[in-house]
Amino acid sequence: MTAVDVSDGTPVALDVSAYPDLRETLQTTVVQNLGPDDLYLDYNDEVSAATGIKLVGGAIWEIQKYDSGRPIWMISSGESDVRVLAFD
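Student: Can you walk me through the nonpolar core in this structure?
Tutor: In globular proteins that are soluble, nonpolar side chains generally tend to be buried together. The biggest cluster of nonpolar side chains holds 16 residues, and the ones touching the most others in it are L14, V31, L39, L41, M74 and V82. Counting only elements with at least two residues in this core, the list comes to β4 (39-42), β6 (60-67) and β8 (79-87). Ranked by the residues each element gives to this core, the list is headed by β8, at three residues. Residues within four places of V31 in sequence aside, it is in contact with L14, L39, L41, L55, A59, I60, W61, I63, M74, V82 and R83.

Laid out in structure tokens, this is it:
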């Protein structure tokens, strides 16, 4: 599991490089927003509260068959402590 700090400034790409022994694509990835603020996710690097999928503090989102070649971008409405887990 990796930890990522996401703020309301610049979008951050979902990074699964901490798992080099896994396939580059089609792995199951779990994103957990520990909060305290809301997290927004989208395939567009211009993700915002108006365009992204909202993940409230404490929520978990499972992405089946995640393709790191087409990254998901994250931004927070303030500050979010995010955990990422990837597995085959």
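Moving on from the model shown.
Student: Please clarify how unusual backbone geometry should be interpreted in this entry.
Tutor: Excluding glycine, residues mostly have negative phi values, and the peptide bonds linking residues are mostly trans. Between G35 and the following residue, P36, the backbone shows a cis peptide bond with an omega angle of 10 degrees. Secondary-structure assignment places P36 in strand β3 (residues 25-36). Here K65, not a glycine, exhibits a phi torsion of approximately 60 degrees, which is positive. Along the chain, the position of K65 falls in strand β6. Residue K65 is classed as exposed on the basis of its relative accessible area of 63%.

Student: Looking at this model, I keep getting lost on the pattern of salt bridges. Mind explaining?
Tutor: Oppositely charged side chains may form a pair once their charged atoms are brought near each other. A full pass over the atoms with the stated rule returns two salt bridges. A salt bridge links D38 to K54; the shortest N-O distance between them is 3.5 Å. Taken together, the residues span a long stretch of sequence, with D38 in the loop between β3 and β4 and K54 in strand β5 (residues 53-55) at a distance of 16 residues. Note on K54: relative accessible area 49%, which makes it partly exposed. As a salt-bridge pair, D81 and R83 come within 2.4 Å of each other at their nearest N and O atoms. A residue is classified by how much of its surface remains accessible, and D81, at 23% relative accessible area, is partly exposed. The partly exposed category is assigned to R83, whose relative accessible area is 23%.

Student: What exactly am I supposed to notice about the packing of aromatic side chains here?
Tutor: How two aromatic rings sit relative to each other is set out by the distance from centre to centre and by the angle between their planes. Tallied over the entire structure, the rule returns zero aromatic pairs. Seen from the ring of Y43, R70 lies directly overhead, with NZ or CZ sitting 3.9 Å from the centre.

Criteria and cut-off values
- Residues numbered from 1 in each chain as written.
- Predicted model: local features only at pLDDT ≥ 70, side-chain atom pairs only at ≥ 80, totals over all residues.
- Heavy atoms only, no water.
- Core = buried A, V, L, I, M, F, W, Y, C linked by side-chain atoms within 4.5 Å.
- Buried < 20%, exposed > 50% of the residue type's maximum accessible area, 1.4 Å probe, protein only.
- Helix = DSSP H or I, 4+ residues; strand = E, 2+ residues; numbered from the N terminus.
- Contact = heavy atoms within 4.5 Å.
- Salt bridge = Lys/Arg side-chain N within 4 Å of Asp/Glu carboxyl O.
- Phe/Tyr/Trp six-rings, centres within 6.5 Å; stacked < 30°, edge-to-face > 60°.
- Lys NZ or Arg CZ within 6 Å of the ring centre and 35° of its normal.

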